[in-house]
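Topology and contacts: notes
One letter stands for each residue in the lines below.
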Amino acid sequence: MNCSPAGSACVDEARQGTDAVPTIALVGRPNVGKSTLFARATGRYAEASNAPGTTVATARRRVDVDGRPADLVDLPGTASLTAPIGEETVFWSLLLRARPDAILVVADAGDLARHLPLALACRDLGLPIVLAANLADEAASRGVSVDTGRLSQLLAAPVHRTSGRSGLGVADAVVDAVRLGARRIAVRSGTSSPRSTIPARAYPLDVEAAIERRASEWGSVRSLGAAAAGSASWELADLVGVGAMSSRGAATLDLAAIVDPARWAVGRRWAGQVVARSASRADRRPLAERLGTWSVAPWPGIPLFIAVTLGILLAMMAIGSVLSSLLTTVWQATASPAIRAAVSVAVPDATVGRALLWGLDDGVLSMLAVGIPYILTFYVLLAFLEDSGYLTSVAVLTDRVLGTLGLSGRVSIPILAATGCNVPAIYGTRLLASRRERVLASFLITMTPCSARIAVVSGALVPFAGVGPALAAFGVIACLTLAGGLLANRLVPGRQSTIVLELAPIRRPILGHVARKAWWRFGSFVRAAMPLMVVGSIVLGFLYETGLIWRLTTVLDPVMVGWLGLPSVAGLALVFAFLRKELALQLLATLAIVQLGQGAASIGSFMSAGQLFVYAVVTAVSFPCIATLAALTGELGRRTAMAMSGATIAIALLAGGIIARALGVA
Amino acid sequence: MSLADDERAYPVVGLSLADQLAAEGLVAGVLLVPERRLPLGGPVVVKIGGARIALGREVAHRVMVRGVPDVGVRAPRESAP
Ligand SMILES: Nc1nc2c(ncn2[C@@H]2O[C@H](COP(=O)(O)OP(=O)(O)OP(=O)(O)O)[C@@H](O)[C@H]2O)c(=O)[nH]1
Ligand SMILES: [Mg+2]
């Protein structure tokens, strides 16, 4: 289940859990490996990327720990408990709405000084914590070792060296957290005698005294009920009132401004006591680190960025077209004859039979020819890029350019993700701080071609017009997106925020992970797209076989034929593309297959290269698909979603008509 | 309408810049190593401990350090110990 950070769904979901099942929340700074550890502990894939902000919603999974059930909750990464998560909520609120009984704090073993403050903040909430000194493999390879025993004493909490990747220590850390969580439940329900949950004092005396004073105020809230909270946060009062958090915890949240600096000082001091570095290794500057430095330098960073972008597009086109001919050959040689035979036996009516074949044979074939090969290839390349850690470098490099669009470079991370699929990218904007930024970023995302639209452009242009025109089409689309962004920046009032972003370390992507992620995304794509594709093709088949299609197309003809210079059936495919963008080309291909015999190459026989160019650009830029529209509506409201859709149609039609005239097709 | 007429309550969620920087470890007393300043008013990349952090120019201008003649102008030299 997806629940928005601000939504009440999380509360309901959290409260559904029976009280006897301990809930363990995973808390850590962005990109420290929480989701990888979560996936490892629950034995099921969870999306992970080497970039901050991968997880934007709460995910809860039931696990079995030594025969006892427990709930693990994965949360978005955060720099502090009081940091805003999106425009409406702060992290502690999101965390406490999950009703954790214990917190598994995930920290970077190689940079404890930076990660301990958050662990201290969690401990101050009054909940039991377990520290996972994660990324232990990376720390070890850099010659960093952690004295977990000593750290455990200092923190008064279990500490484990873990690696979500290899699984090292993960089970032990979870077992400890569940044990502490279960004990807290027992204490609260009175079946066990309480043990002190007040953490040892670690901060300077004046800070401790201030916490003490504020805590006693919160203590009275607890006994008098929320009404006494006065001007303080009602939610906090509520949580203290029901005992979900100690009054000391509430006090430290209130006083974050003075406690946080103290936590950083303690973090540095403790890290100094428990971390050892082997001198010989520490001196070496690994290649990855040098790559990280180069990647944000104008030289060679900018040429590298251009090369990476072009390289990905070219690789996708090359591999995609090879895969395309391979898949179509296999389908035509194996499944196609069998399906045709089966339909001719099972369906006596010739018209119905032919319409069914539109979906079951031609529809699937067109998907294999122009959709799947490019989308699958692109998913692999994107997963590779995401895991390399390069995305945050792109964010730094593009900060200035995105600044002219009213956005900070941070937005380039969801925008790059949008090239896979717009929907998760729109959810990804939740972590942006202002609504203005969310609106602008979401608009750019809707204009960014997703893998399906990239497949339409490549599949339409590479075989019938060549790689050059395909690249030119991407260039035109990029310019239109930029123009749309500039316009939106003018129209939406407000100030832009500046970038404050921790760069992800450059890592060599692990092929197994890349393949797994690409396959996982591809699986959800096929599950969503295949039924629509087959049904859409069958509907189109009926319209075609019964001749109704020509009546429908006359409605669209003034725009499609008159303005864009396209054949009238193309207009129908474009309308169907609202369901899924790849339908734009696949239905066209199906039509071509039916009209002109099998082989996707036949699209070229009823549309010229120029027409295909116009068609590809209009499809890529116009109107989001229904899933994107739903995401936009859910995240930003119907009016904004409609305005954005209208704007993209206007831009697409305007540009399409002009290009059609320039190319002499209209 | 004056602001005071509006009876609605607004939750305060935004952090001041100082808090946001503090959450990235940019607190008084830490050592900061400038790595790179991007051209045309682009961000500045600094190292704090093991982390590399990109700061927008407006933010970077407000970080005060001692003993560095011109923060971010030069890439740091890796000198042999
Ligand atoms: N070397 C190594 N890499 C890891 C380990 N755990 C995670 N990673 C990598 O670290 C990156 C971040 O992992 P995620 O699990 O997405 O991190 P997260 O904390 O969930 O990130 P956000 O959701 O963005 O806050 C990915 O590229 C992982 O492959 C580990 O134990 N060792
Ligand atoms: Mg995550």
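Residues numbered from 1 in each chain as written. Chains lettered and ligands numbered in written order. Predicted model: local features only at pLDDT ≥ 70, side-chain atom pairs only at ≥ 80, totals over all residues. Heavy atoms only, no water.

**Structural notes on a nonpolar patch on the surface**
Residues and elements named next belong to chain A. Heads up, the rule is: Residues enter a patch when their relative accessible area is above 30% and they make no salt bridge; the linking distance is 9 Å between like charges and 5 Å between nonpolar side chains (Val, Leu, Ile, Met, Phe, Trp, Tyr). Per-residue accessibility takes into account occlusion by the displayed protein chains alone, with areas from the Shrake-Rupley method and a 1.4 Å probe. Any carboxyl oxygen of Asp or Glu within 4 Å of a side-chain nitrogen of Lys or Arg constitutes a salt bridge here. Helix numbering and strand numbering both begin at the N terminus, where a helix is a DSSP run of H or I of at least 4 residues and a strand a DSSP run of E of at least 2.
On the surface, a nonpolar cluster with roughly 390 Å² of combined accessible area is contributed by Ile302, Ile306, Leu310, Leu314 and Val467. Among the elements that line the nonpolar patch, the one with the most residues is helix α14 (residues 298-333), at 4 residues. Relative to the elements of secondary structure, Ile302 occurs in helix α14.

**Section: the domain arrangement of chain A**
Residue and element names in this part refer to chain A. Put simply, the rule is: For the purposes of this description, domain bounds are those given by an automatic or database domain assignment. What makes two residues a contact is simply this: any of their non-hydrogen atoms within 4.5 Å. Accessible area that two parts lose when put together, with a 1.4 Å probe and added across both, is what the buried area reports. We define a polar contact as two N or O atoms separated by no more than 3.5 Å, with the added condition that, inside protein, one atom must be a possible hydrogen donor and the other a possible acceptor, whereas residues neighbouring each other in sequence contribute only through side-chain atom pairs.
According to the domain assignment, chain A contains domain 1 (3-200) and domain 2 (298-663). Placing the centre of domain 1 and that of domain 2 at their C-alpha centroids yields a distance of 38 Å. Opposite the 23 residues of domain 1 that make contact, domain 2 presents 27 residues. Both sides of the domain 1 and domain 2 interface together cover about 2200 Å² of buried area, and 51% of this is carbon and sulfur. When the area that domain 1 buries against domain 2 is broken down by residue, the three leading residues are Tyr45, Asn50 and Arg165, summing to 33%. Joining domain 1 to domain 2, the criterion identifies 4 salt bridges. Close ionic contact of Glu502 with Arg114 constitutes a salt bridge, the shortest N to O distance being 2.9 Å. Applying the counting rule to domain 1 against domain 2 returns 10 residue pairs in polar contact (both at pLDDT 80 or more).

**Describing the coordination of the magnesium ion (ligand 2)**
A four-donor tetrahedral metal ideally has 109.5 degree angles, and a six-donor octahedral metal ideally has angles of 90 or 180 degrees. Residue and element names in this part refer to chain A. Definition in use: Donor atoms are limited to N, O and S found within 2.8 Å of the metal ion, a distance that becomes 3.2 Å for Na, K and Ca. With water left out, some sites might look partial. Residue exposure (1.4 Å probe, protein chains only): buried if accessible area is under 20% of the type maximum, exposed if over 50%, otherwise partly exposed.
The protein atoms donating to the magnesium ion (ligand 2) are Ser35 (OG) and Thr55 (OG1), with metal-donor distances spanning 1.9 to 2.1 Å. One end of the pair, Ser35, is in helix α2 (residues 34-42); the other, Thr55, is in the loop between α2 and β2 (59-65), and 20 residues separate them in sequence. Overall, the relative accessible area of 6% leaves Ser35 in the buried class.

**A closer look at unusual backbone geometry**
Residues and elements named next belong to chain A. For the peptide bond that leads from Trp299 to Pro300, omega is 5 degrees, which places it in the cis range. Summarising the element assignment, Pro300 is placed in helix α14. In this structure, Arg99 is a non-glycine residue whose phi angle is positive, near 50 degrees. Along the chain, the position of Arg99 falls in the loop between α3 (91-97) and β6 (102-108).

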